[in-house]
Every structure is written in structure tokens, then in C-alpha cells.
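Chain by chain, the residues run as shown.
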Amino acid sequence: MKALKENSIKKGDALSTARIAAILSAKKTSYLIPLCHQIPLSNVQVKFFFEENAVLIFSRVKTNWLTGVEMEALMSSTIAALVIYDMCKALGHDMKICDTKLIGKFGGKNDHGIVEFEKLHYKNLL
């Protein structure tokens, strides 16, 4: 965690690399999830929070289409976690990726939860 927070990992800036991978993966979700529609995205935001010995990853994806983009957001967060693991694995393999979940969505057949980062209190979600 110290190396990640101080950006001193030999492979480079893990969080910046994870953010770029998260954005790219959101755009390519339909290539990896069978029967998932290819959706033009208007915005992808990725935020990282440090909580004791954990990195919390939040992705918010927006589109102007009449569908939800929860799969794109879940893909985005998951790929970011995998990139962080990959970049930190030289320091040890005792990391784990866990508790991926949808916090909120707007659009499609129904709405669910919180969709605005500004209203999100991540400590209440742990």
C-alpha cells in the first residue's frame, strides 16, 4: 500500500495506468461480454480511494442512449483492479480482488441506487 500511495512501483504509475485501462475497458465491454450491446459512451470517470489496506475503485459511465451502462461500469472497475494487481504483484501475491458490486444505475428498464459521485459516501458502502 505504501508503494502504491507513494507512486513508487517499479512498473510505473499504477493508478494512472489503471484509470486508462478502466476507461478503455468500458468502451470495449461488448467485445468481452456476450450479448452485450455496443453502446456509445459519453463519459467515463474512475476514482480511487484508500481505505486502510484496500483501494476502493468507483467507476461512473454515462451514455445518451436509452439503456443502462452498468456492465460497462462493472467492467471498468474490475479491469482497474486487475491492472493494480498486475503492477503490484512484484511486491507480493497476497493481494485479493473482492466485492465488486453495482452501487447505482439510471436508464434502461429500471433505476437502482446512487449514480452521482457527489452523493456517494463510500464509507457507508463498506
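Not measured: the values here are computed from a predicted model.

(A) Molecular detail of the pattern of salt bridges. Taken as a whole and assessed by the stated rule, the structure comprises two salt bridges. Ionic pairing is found between lysine 11 and aspartate 86, a salt bridge with its closest N-O pair at 3.0 Å. Of this pair, lysine 11 sits in the loop between helix 1 (2-6) and helix 2 (14-27) while aspartate 86 sits in helix 4 (residues 70-88), and the two are 75 residues apart along the sequence. The exposure class of aspartate 86 is partly exposed, given its relative accessible area of 31%. Where lysine 89 meets aspartate 86, a salt bridge forms, and the shortest distance between an N and an O atom there is 2.9 Å. Counted as one network, the salt bridges with shared partners bring together Lys11, Asp86 and Lys89.

(B) Looking closely at the nonpolar core. One finds Leu4, Phe48, Ile57 and Ile84 to be the most contacted residues of the largest nonpolar core, which totals 23 residues. Elements with a minimum of two residues in this core: helix 1, helix 2, strand 1 (41-51), strand 2 (54-63) and helix 4. With seven residues, the top contributor of residues to this core is helix 4.

(C) Main features of the layout of surface pockets. Computed from the structure, the second largest pocket encloses a volume of approximately 240 Å³. For the second largest pocket, the lining is made up of 15 residues, of which Cys36, His37, Thr67, Gly68 and Met71 are closest to its centre. No other element matches the three residues that helix 4 contributes to the lining of the second largest pocket. When the residues that make up the lining of the second largest pocket are grouped by side-chain class, the tally is seven nonpolar, four polar and four charged.

The rules we used
Residues numbered from 1 in each chain as written. Predicted model: local features only at pLDDT ≥ 70, side-chain atom pairs only at ≥ 80, totals over all residues. Heavy atoms only, no water. Salt bridge = Lys/Arg side-chain N within 4 Å of Asp/Glu carboxyl O. Helix = DSSP H or I, 4+ residues; strand = E, 2+ residues; numbered from the N terminus. Buried < 20%, exposed > 50% of the residue type's maximum accessible area, 1.4 Å probe, protein only. Core = buried A, V, L, I, M, F, W, Y, C linked by side-chain atoms within 4.5 Å. 1 Å grid on protein atoms, 1.4 Å probe; cavity = no way out; pocket = protein on both sides within 12 Å on 5 of 7 lines; lining within 4 Å. Points joined across faces, edges and corners; volume = space filled by probe spheres on them. Nonpolar A, V, L, I, M, F, W, Y, C, P; charged D, E, K, R; others polar.

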